[in-house]
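Coordinate analysis (summary)
Given next are the chains, with one letter for each unit.
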Amino acid sequence: AVIVCDAGNNRLQSFFLADSKNVVYGAKGTGLGQFDGPRGICLDPSLDVLIVSESRNHRLQILKRDPST
């Protein structure tokens with residue numbers, strides 16, 4: 001999967017190249033799993049989490065890599 005920050009739409013998108021699947025995660029806001037200007041993303045495989053930096057919420061969010069779990 002390729003995970004990208006969609007800053008203009010305040011969300012993350014996962015693209016699965018093998019089956020053309022696309023998963024959208026998040027919406028505009030200040031709560032957990034909500035974003036306002038996500039700019040960078042990092043995967044920590046040892047903890048199985050995503051770390052997302054946001055420019056307009058001035059924070060880092062640590063999220064489960066698979067939001068459905």
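Treat the numbers as computed from the prediction; the structure is a model and nothing was measured.

1. Overview of the pairing of strand 2 (residues 11-16)
Bridging between strand 1 (residues 2-6) and strand 2 involves five bridges; their strand directions are antiparallel. Directly across from Val4, in strand 2, lies its bridge partner Gln13. The turn linking strand 1 back onto strand 2 is made up of four residues, and Asn10 within it adopts a positive phi angle of 55°. Pairing geometry for strand 2 and strand 3 (residues 21-25), over five bridges, is antiparallel. Looking across to strand 3, one finds that Gln13 is bridged to Val24.

2. Some details on unusual backbone geometry
You will see that Asn10, though not glycine, has its phi angle at about 55°, which is positive. You can see Asn10 is positioned in the loop between strand 1 and strand 2. The buried category is assigned to Asn10, whose relative accessible area is 7%. In the Ramachandran plot, Asp48 falls in the positive-phi region, its phi being about 55° despite a non-glycine side chain. Assignment of secondary structure puts Asp48 in the loop between strand 4 (38-44) and strand 5 (49-54).

3. Remarks on the sheet that holds strand 1
Read across the open sheet, the three strands follow the order 1-2-3; overall the sheet is antiparallel. Either end of the sheet is taken by a strand with one partner, and the two such strands are strand 1 and strand 3. For this sheet, the mean angle separating the axes of adjacent strands, direction not counted, is 20°.

4. Some details on the sheet that holds strand 4
Sheet architecture is open: three strands sit in the order 4-5-6, paired in antiparallel fashion. Every interior strand has two partners, whereas the edge strands, strand 4 and strand 6 (59-64), have only one. Looking at each pair of strands side by side, their axes are set apart by 20° on average, direction ignored. Bridging between strand 5 and strand 6 involves six bridges; their strand directions are antiparallel. In the strand pairing of strand 6, Ser53 is matched with Leu60.

How each quantity is defined
- Starting afresh in each chain, residues are numbered from 1 along the sequence in its written order.
- Given that this is a predicted model, residues contribute local features only at a pLDDT of at least 70 and side-chain atom pairs are listed and counted only at 80 or more, while totals for whole chains, interfaces and linings are drawn from all residues.
- The side-chain numbers reported here are obtained from all heavy atoms of the structure, hydrogens and water having been left aside.
- At least two bridges found by DSSP between two strands are what make those strands a pair.
- Numbering of helices and strands starts at the N terminus; helices are DSSP runs of H or I of at least 4 residues and strands are runs of E of at least 2.
- Each residue is assigned to one of three classes by its accessible area relative to the maximum for its type, calculated with a 1.4 Å probe on protein chains only: buried under 20%, partly exposed between the two thresholds, exposed over 50%.
- Here the axes come from fitting lines to C-alpha atoms, over the contacting stretch only for helices, and the angles between their N-to-C directions go from 0 to 180 degrees.

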